[in-house]
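Architecture at a glance
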Amino acid sequence: MAAKRIVIAGTGSGVGKTTITIGLMAALRKRNWQVQGFKCGPDYIDPTYHTAVTGRPSRNLDSWMFGKDLLKEIYLRASEDADISVIEGVMGFFDGHSPESDVGSTAEISTLLNCPVILVVDCGSMARSAAAVVKGFQAFTEKANIVGVIANRVGGEGHFHLVKTAIEKECQIPVIGYVNSEIDISLPERHLGLIPSIERGDLNSFFEKLGEIVAKTIDLNLLTQLAEVPAITKTDSSIFDIKREKKVKIAVAKDAAFHFYYQENLDLLEAFGAKLSFFSPLNGETVPDNVNGLYIGGGFPEQFAKNLSEQTAVKQSVKMAIADGIPTLAECGGFMFLTEAIETHDGNRFEMVGAIPGKTVMQNRLAAIGYREIKGMNGNPILTDGLTARGHEFHYAVYIPSRDVPYAYETESTYGKKHEGYQSRNLVAGFTHIHFATCPKIVENFVALCRT
């Protein structure tokens, strides 16, 4: 079991923690360490980078969605044979579900996992003031174990030593390194074509360069020493233990247009008896033969709307599967794909599957963002009466039904309650991304429905 673990946190969004996290992973892999990546909060994109760099599926850790025991279980299960776990934070260190508590924040997750924290600070326009920033984070709560600092966007070695001297004198923790502001490297665009480009290895040279930069100016030996903490006790049983023999076949859409899946969702489907068969609608692959269920996750169908609209055979195969009663779960981008059409920002309309009455229209601003507590509406065959799950929404699209429709979910957030999505017979679709580990009964119900 891996004893070494470290959180890479930031003072806020945009300070460079993702770039530094990936660089650290690449540098450690260069030393032949087995590195397990994690991402705090509901994020699908950053874990894709982690997976590409480490060669191991990255996992999400979320202390609002999960209880303490499940959080530890997900961590332990993924990190069991790793040399070190590198956990990337979300937003600012204390940002989470509410402005009134640490719930769901990187700070809470680091505390629950008894994990040391490296704080990334953008030092581009300060010297001694950087110490005040770090000291403020240290003083904000006694629980957070901030053990070191990485100074990002410094103006050179001289600037770094000013920052280092101030922080180490005032905060009594080491500044383990820096990244120069003049370094000409930044993350590629985090959406279009990301998945296929990574799977083809197109970003390998980028990862290697980033790892070299980090290794030159950040003390990796000190980092790994700071990451040495007592191991977490393993639980006796797991929700991921195999419950049934794999006797149902569920087709899962996976390509650049549809790739937003929590790894735990896929693992739980397999644990409850599903054999997963992946296919690419974007590349003209129809629903595989002899499937018992269909799962279409989120992604960016709007970015590939023209291509998808031209995949007549694919759309027909999906529509026929749903018409034949194949149990189908669609989330966000998958929901959009199943409507009659997607209207893009430029006003163009592209015909989609047509299994759901109405269209989705892209907006220039976010239509919904944030955590959701989810209940199934009456008749929902997957999220049945009495069940509550947790998930999140993040989308620019709005659904405009062509007639009155039966909603799939009632969701609750800090903004109140609303009804969303669509359900009909064995089809359940909506914008909400559900984390199955928050309600494993969903998986049991879905697989059972596929089995009938």
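Residues numbered from 1 in each chain as written. Predicted model: local features only at pLDDT ≥ 70, side-chain atom pairs only at ≥ 80, totals over all residues. Heavy atoms only, no water.

Looking at an unreviewed UniProt entry, one finds the protein named Cobyrinate a,c-diamide synthase, with Caldifermentibacillus hisashii as its source organism. Heading Sequence similarities (unreviewed entry) of the UniProt record for the protein holds this comment: "Belongs to the CobB/CbiA family." (UniProt positions renumbered as here; feature names shortened; annotations may be inferred.)

The next thing to look at is the sheet that holds strand E19 (residues 397–400). Two pairing modes exist for strands in a sheet, parallel and antiparallel, and in both the strands are linked by backbone hydrogen bonds. With mixed pairing, four strands are arranged side by side in an open sheet as E15-E14-E16-E19. Bordering the open sheet on either side are strand E15 (349–351) and E19, each of which pairs with just one other strand. Adjacent strand axes in the sheet meet at a mean angle of 25 degrees when their direction is disregarded. In this sheet, E19 lies alongside strand E16 (residues 356–362) in antiparallel orientation, the contact comprising four bridges. Bridging across to E19, Lys359 finds its partner in Ile400. (Pairing = 2+ DSSP bridges. Helix = DSSP H or I, 4+ residues; strand = E, 2+ residues; numbered from the N terminus. Axes fitted to C-alpha atoms, helices over the stretch in contact; angles between N-to-C directions.)

Bringing the nonpolar core into the picture now. By size, the foremost hydrophobic cluster in this structure holds 148 residues, and its most contacted members are Leu269, Phe337 and Leu338. A per-element tally of this core places helix H1 (residues 17–30) first, with seven residues. Not counting the four nearest positions on each side in its chain, Leu338 is found in contact with Ile296, Val318, Ile322, Thr328, Ala330, Val353, Gly354, Ala355, Ile356 and Leu427. (Core = buried A, V, L, I, M, F, W, Y, C linked by side-chain atoms within 4.5 Å. Buried < 20%, exposed > 50% of the residue type's maximum accessible area, 1.4 Å probe, protein only. Contact = heavy atoms within 4.5 Å.)

Counted by the stated rule, this structure contains 21 salt bridges. Between Lys306 and Glu310 there is a salt bridge, with the nearest N and O atoms lying 2.6 Å from each other. Overall, Glu310 belongs to the partly exposed group, its relative accessible area being 48%. Notably, a salt bridge pairs Lys441 with Glu444, separated by 3.6 Å at the nearest N-O pair. One end of the pair, Lys441, and the other, Glu444, are both in helix H14 (residues 441–451), three residues apart, so they sit about a helical turn from each other. One salt-bridge network, in which partners are shared between bridges, spans Arg59, Arg77, Glu264 and Asp267. (Salt bridge = Lys/Arg side-chain N within 4 Å of Asp/Glu carboxyl O.)

The subject of this paragraph is a nonpolar patch on the surface. Residues Leu366, Ile369, Phe394 and Tyr396 make up a contiguous nonpolar surface patch of roughly 340 Å² in combined accessible area. When you line up the elements, Leu366 lands in the loop between E16 and strand E17 (368–376). For Leu366, a relative accessible area of 31% gives the class partly exposed. (Patch = residues over 30% accessible without salt bridge, like charges linked within 9 Å, V, L, I, M, F, W, Y side chains within 5 Å. Areas by Shrake-Rupley, 256 points an atom, 1.4 Å probe, with all protein chains shown as cover.)

It is worth spelling out unusual backbone geometry at this point. You will see that Asn32, though not glycine, has its phi angle at about 70 degrees, which is positive. Of note, Asn32 is situated in the loop between H1 and strand E2 (35–40).

Now for the environment of Arg77. Within the secondary structure layout, Arg77 lies in helix H3 (residues 68–79). Note on Arg77: relative accessible area 34%, which makes it partly exposed. It is 30 Å that separates the C-alpha atoms of Arg77 and Phe300, two residues lying 223 residues apart in sequence. When neighbours within four sequence positions are excluded, Arg77 is seen to be in contact with Arg59, Phe240 and Asp267.

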